Amino acid sequence: MGFLKLENKYVYFHTVFFTQYKDFTIIDKLRKEFPDSFIQALNVDIIYNYEHLFEILRISNLAKRRNIMCSHKIELDFLLRVMGTNQISRAIRDGGLNIGQYSTFVVFANKYHINKIYQKLCFLFGNSHDEFLTDKVILRKKIEIYKLKYNNDFINEENTIKFLTETAALIIK
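Quick caveat, the model's predicted, so the values are computed rather than measured.

Trainee: Account for the sheet that holds strand β4 (residues 101-109), with residues named and values stated.
Mentor: Pairing within the open sheet is antiparallel, and its four strands lie in the order β1-β2-β4-β3. Every interior strand has two partners, whereas the edge strands, β1 (4-6) and β3 (38-43), have only one. Within this sheet the neighbouring strands show an average axis-to-axis angle of 30 degrees, counted without direction. In this structure, strand β2 (residues 9-18) lies alongside β4, joined through nine bridges in antiparallel fashion. Bridging from a neighbouring strand, Tyr10 pairs with Ala109 of β4. Sitting on the sheet, helix α5 (residues 111-125) is in contact with β2, β3 and β4, with an inclination near 10 degrees to β2.

Structure (structure tokens):
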């Protein structure tokens, strides 16, 4: 997965397997080392694909610029919108990191910082496991889950991103 450009910064996604409690501290360490960068990690099960994350990051970034975020921090605003809820505890419980599961780091930063963060993630966790967000069989299973979750039989491969993006845009405080 390469870097995507959003305004004057870049976005990078890195999917890893969390095996130990000490892995949780990496987010805080990265945020301290790169305070001007957006760094969030999400449970891979709540993500449809990379386009899903990119579109919601676009919404959160716009909400930040317009001062209409649904939380005080953009990372939490992003998580709430990905989860499609304004319930912070539910978003963290269901969408946050868990030991023994795959998680996807979302990094939004300038080119220099994104390269440094990329190198650190590769050193700590190895290459990204993109198949969880690109494999057609896995994506079809996720669509079936969305149909149940949102009680909407009309969700399909063509409109999933649009549906999830519109749901994210409707989240308010």
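Further notes follow.
Trainee: Help me get a handle on the nonpolar core, residues and values and all.
Mentor: Leu42, Leu53, Leu57, Phe78 and Val106 are the most contacted members of the largest nonpolar core, which has 29 residues in total. When residues of this core are traced back to their parent elements, those giving at least two are β2, β3, α2 (50-65), α3 (74-83) and β4. Looking at this core element by element, the count peaks at seven residues for α2. Apart from the residues lying within four places of it in its own chain, the contact partners of Phe78 are Phe38, Gln40, Leu42, Leu53, Ile56, Leu57, Ser60 and Val106. Counting residues in each nonpolar core, the second largest holds 17 residues, with Ile26, Ile39, Ala41 and Leu121 among its members.

Parameters and conventions
- All residue numbers refer to positions counted from 1 along the written sequence of the respective chain.
- Totals for whole chains, interfaces and linings use every residue, but because this is a predicted model, local features are given only for residues with pLDDT of at least 70 and side-chain atom pairs only at 80 or more, for both listing and counting.
- To obtain the side-chain values, all non-hydrogen atoms of the structure were included, while hydrogens and water were left out.
- We call two strands paired when DSSP finds no fewer than two bridges between them.
- A run of H or I in DSSP becomes a helix once it reaches four residues, and a run of E becomes a strand once it reaches two; helices and strands are each numbered from the N terminus.
- Helix axes are fitted only over the stretch in contact, all axes being lines through C-alpha atoms; the angle between N-to-C directions runs from 0 to 180 degrees.
- Any pair of residues with heavy atoms lying within 4.5 Å of one another is described as a contacting pair.
- The term nonpolar core refers to a set of buried residues drawn from Ala, Val, Leu, Ile, Met, Phe, Trp, Tyr and Cys, joined through side-chain atoms within 4.5 Å.
- Relative accessible area decides the class of each residue, using a 1.4 Å probe on protein chains only: under 20% of the type maximum gives buried, over 50% gives exposed, and in between gives partly exposed.

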